[in-house]
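In case you want the letters, here they are:
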Protein chains: 2
Amino acid sequence: MNIIIVGCGRVGARLANTLDQSGNHVGVVDLQPSAFRRLSQDFSGVTVIGTGIDEDVLRAAGVEGADAFIAVTNGDNTNIMSAQIAQVIFQIPHVTARIYDPVREDTYRRMGINTICPTTTISSLIMSTIFAS
Amino acid sequence: MNIIIVGCGRVGARLANTLDQSGNHVGVVDLQPSAFRRLSQDFSGVTVIGTGIDEDVLRAAGVEGADAFIAVTNGDNTNIMSAQIAQVIFQIPHVTARIYDPVREDTYRRMGINTICPTTTISSLIMSTIFAS
């Protein structure tokens, strides 16, 4: 699969490394060149310095015809906007955005974007460690 | 239950509000006074400004005799240290720490602390949205 990842933080880099190692073609976008240090030394994908809400940046990363798009910068707004660009303009079939704000997560999930909300997910997991143990 | 939460970010505040509303006695610690704005207006627990690795700060929050302890600051080191203080010095029965670094998460889990690693959890969830849909 051809997969675009916007944001090369802990999660973005982990996904990029895993997907690259399992034979996918991965393009990673980040504003900070230093973020790419998190990629494995043998990472064989494409890295592009820039913002994930710039169509030209996304094109350079290989967004046209990509199978999946993952938006995991630290900013909800950037993730939401880039996910919408991927879905509407580039018509990527699988688009997932990390959204920290539970209220906005709910809104965008209803609009058809796969959303992951660490705030609710991690809170629920912590509650289960307290009340299940 | 008496529950101490170190770190009043999105997750800490969400847990504090939920646990407070369900009848628990909650003490929340954060270095930044502004963090407490995330608590509900009717939050009835204790808030203490300070670091979660200071025993006096933890005592002020009600750590002595507490039933559960949750460390969710943005710093892995602070979460690890405060969780160890809670477990060893104050002998809190249920101690949970958020640890972003998967390597350290594994180490401390083996030492008997309940650990939650958002990096691996969220990465796995995102993988499932791509390959299951």
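What counts and how
One numbering rule holds for all chains: residues counted from 1, following each sequence as written. Labels are handed out in written order, letters beginning with A for the chains and numbers beginning with 1 for the ligands. Local features in this predicted model are restricted to residues of pLDDT 70 or higher, and side-chain atom pairs are both shown and tallied only at a pLDDT of 80 or more, whereas totals for entire chains, interfaces and linings draw on every residue. Each side-chain value is derived from all of the structure's non-hydrogen atoms; neither hydrogens nor water enter the calculation. Salt bridges are defined as contacts in which a side-chain nitrogen from Lys or Arg sits within 4 Å of a carboxyl oxygen from Asp or Glu. Runs of E in the DSSP output that reach at least two residues are strands. Runs of H or I that reach at least four are helices, and both are numbered from the N terminus. Here, strands pair whenever DSSP counts at least two bridges between them. Each axis is a line fitted through C-alpha atoms, and for a helix only the stretch in contact is used; angles between axes span 0 to 180 degrees, taken between their N-to-C directions. Residues count as neighbours in contact if any of their non-hydrogen atoms are within 4.5 Å of one another. All copies are superposed by least squares; the fitting set is the C-alpha atoms of residues with a pLDDT of at least 70 in both.

A. The arrangement of the pattern of salt bridges in detail. Residue and element names in this part refer to chain A. All told, the structure shown has 16 salt bridges over all chains when counted by the stated rule. Where R59 meets E55, a salt bridge forms, and the shortest distance between an N and an O atom there is 3.5 Å. A residue pair is termed a helical-turn pair when its members lie 3 or 4 positions apart in one helix, as R59 and E55 do in helix α2 (residues 55-61) at four residues. Look at the salt bridges and you will find they share partners, linking E55, D56, R59 and E64 into a network.

B. The arrangement of the sheet that holds strand β4 (residues 68-71) of chain A in detail. All names here are of chain A. Here six strands make up an open sheet; going across it, the order is β3-β2-β1-β4-β5-β6 and the pairing parallel. The two strands at the open ends of the sheet, each matched to only one other strand, are β3 (46-49) and β6 (114-116). Strand after strand, the sheet turns through a mean of 15° between neighbouring axes, direction not considered. Bridge count between β4 and strand β5 (residues 94-98): four bridges; the pairing is parallel. Note that in β5 the partner of A71 across the bridge is A97. Where helix α1 (residues 10-21) meets the sheet, its contacts fall on β1 (2-6), β2 (25-30), β4 and β5, and the angle it forms with β1 comes to roughly 165°. Together, β1, β4 and β5 form the strand contacts of helix α3 (residues 76-89), whose direction differs from that of β5 by roughly 170°.

C. Spotlight on the relation of the copies chain B and chain A. Screw-axis analysis of chain B against chain A gives a translation of 0.0 Å along the axis, an RMSD of 0.0 Å, and a rotation angle of 180°. Within this description, the copies of the chain are treated as partners about a two-fold rotation axis. Judged by C-alpha distance, P118 of chain B is the residue of chain B that lies nearest the rotation axis, at 3.6 Å. Take the interface residues of chain B: 100% of them recur as interface residues in chain A, which is what a same-surface contact looks like.

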